[in-house]
Amino acid sequence: MRANFVQRVKTVSSALVIAIASLINSTTFVSAQQKIPVCQPPNPGEYLLLVISPTAEYQRQLRSALPNEISTTTCQYLTDTVTRIGGFNKIEDANRWARYINNIVGLSAIITTRPAEVAQQPATVPTVSYNPQPLGQGYAVLVDYFNRPELANSVQQVVGSNIGFASYGQRPYLLATHTSNQQQAYNTLQKLNERGFFAILVDSRKVILLRSAVRLQ
């Protein structure tokens, strides 16, 4: 009788090990299938909201706060998991929804649009001496210069003041403006987008300032 009992225990233990192994394999397979895709760029003239939503709970809260007709996609932007909300033709509309999401759900959003081709200026390469420090509270408008540092001169002409050099999401950007005035930040973003630059508006607390003013040569 004792032998039968021991045999049954061994059989149950073996079945349990197999079940756990199957569960781990299934979980690994599902995780691999659920890899978050990279965010698709906006269409020409379209404004995008990229709402930073790193967990499923944040994504659920955001989805429940939005009307059914608004389409959302979870994707990867730089190092952040975001919810992509597109279809805005005016920056004012994107701004209105960004404020709504922040007030209702408490999540911050990046506003961006698709750039047009920017005419190159004569070679004027910025020189940078690095002095990393947090940018601080407020709003930052950053410009992706696509490894074309000569664009710094063009950005400076658009904003009418010195531009800086900063890091966001472990990537370098030209810093067009840093301000506590939300409307001023949106105005600068719109002005740069209208001129064809790839500009984004972000929470400046997540930006590392490398140089407050880029020297153009």
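Everything discussed here concerns the structure shown above.
Residues numbered from 1 in each chain as written. Predicted model: local features only at pLDDT ≥ 70, side-chain atom pairs only at ≥ 80, totals over all residues. Heavy atoms only, no water.

Caption draft 1: Quick look at the environment of Ser-53. Here Ser-53 shows up in the loop between β1 (47-52) and α2 (56-65). In sequence terms Ser-53 and Ser-108 are 55 residues apart; their C-alpha atoms lie 8.6 Å from each other. Filtering out sequence-adjacent residues up to four positions away, Ser-53 remains in contact with Tyr-58, Gln-59, Thr-81, Val-82, Thr-83 and Leu-107. Polar side-chain contacts of Ser-53 include one of 2.7 Å to the side chain of Thr-83. (Helix = DSSP H or I, 4+ residues; strand = E, 2+ residues; numbered from the N terminus. Contact = heavy atoms within 4.5 Å. Polar contact = N/O pair within 3.5 Å; in protein donor to acceptor, adjacent residues only side chain to side chain.)

Caption draft 2: How the structure looks around the pairing of strand β3 (residues 80-88). Burial analysis of β3 places seven of its nine residues in the buried class, which makes it a mostly covered element. Sheet analysis places β1 next to β3, joined by five bridges and oriented antiparallel. Within β3, the residue paired with Ile-52 across the bridge is Val-82. Across six bridges, the pairing between strand β2 (residues 72-77) and β3 is antiparallel. The residue of β3 that forms the bridge with Thr-73 is Arg-84. Here β2 folds back onto β3, and the loop between the two strands holds two residues, one of which, Leu-78, carries a positive phi near 55°. (Buried < 20%, exposed > 50% of the residue type's maximum accessible area, 1.4 Å probe, protein only. Pairing = 2+ DSSP bridges.)

Caption draft 3: View of the pattern of salt bridges. Counting across every chain of the model gives four salt bridges. Residue Asp-93 is joined to Arg-96 by a salt bridge in which the shortest nitrogen-to-oxygen separation is 2.9 Å. You can see Asp-93 and its partner Arg-96 sitting in helix α3 (residues 91-104), three residues apart, about one turn around the helix. For the salt bridge of Asp-203 with Arg-205, the shortest nitrogen-to-oxygen distance reads 2.8 Å. Assessed through its relative accessible area of 19%, Asp-203 is described here as buried. Overall, Arg-205 belongs to the exposed group, its relative accessible area being 56%. (Salt bridge = Lys/Arg side-chain N within 4 Å of Asp/Glu carboxyl O.)

Caption draft 4: Local environment of the state of the cysteines. One pass over the structure, following the stated rule, counts one disulfide. The partner cysteine of Cys-39 in its disulfide is Cys-75, sulfur to sulfur 2.0 Å. Given an S-S torsion of about 90°, the disulfide between Cys-39 and Cys-75 has right-handed geometry. Taken together, the positions of Cys-39 in the loop between α1 (2-33) and β1 and Cys-75 in strand β2 put the pair 36 residues apart, joining distant regions of the chain. With a relative accessible area of 2%, Cys-75 lands in the buried category. (Disulfide = S-S within 2.5 Å.)

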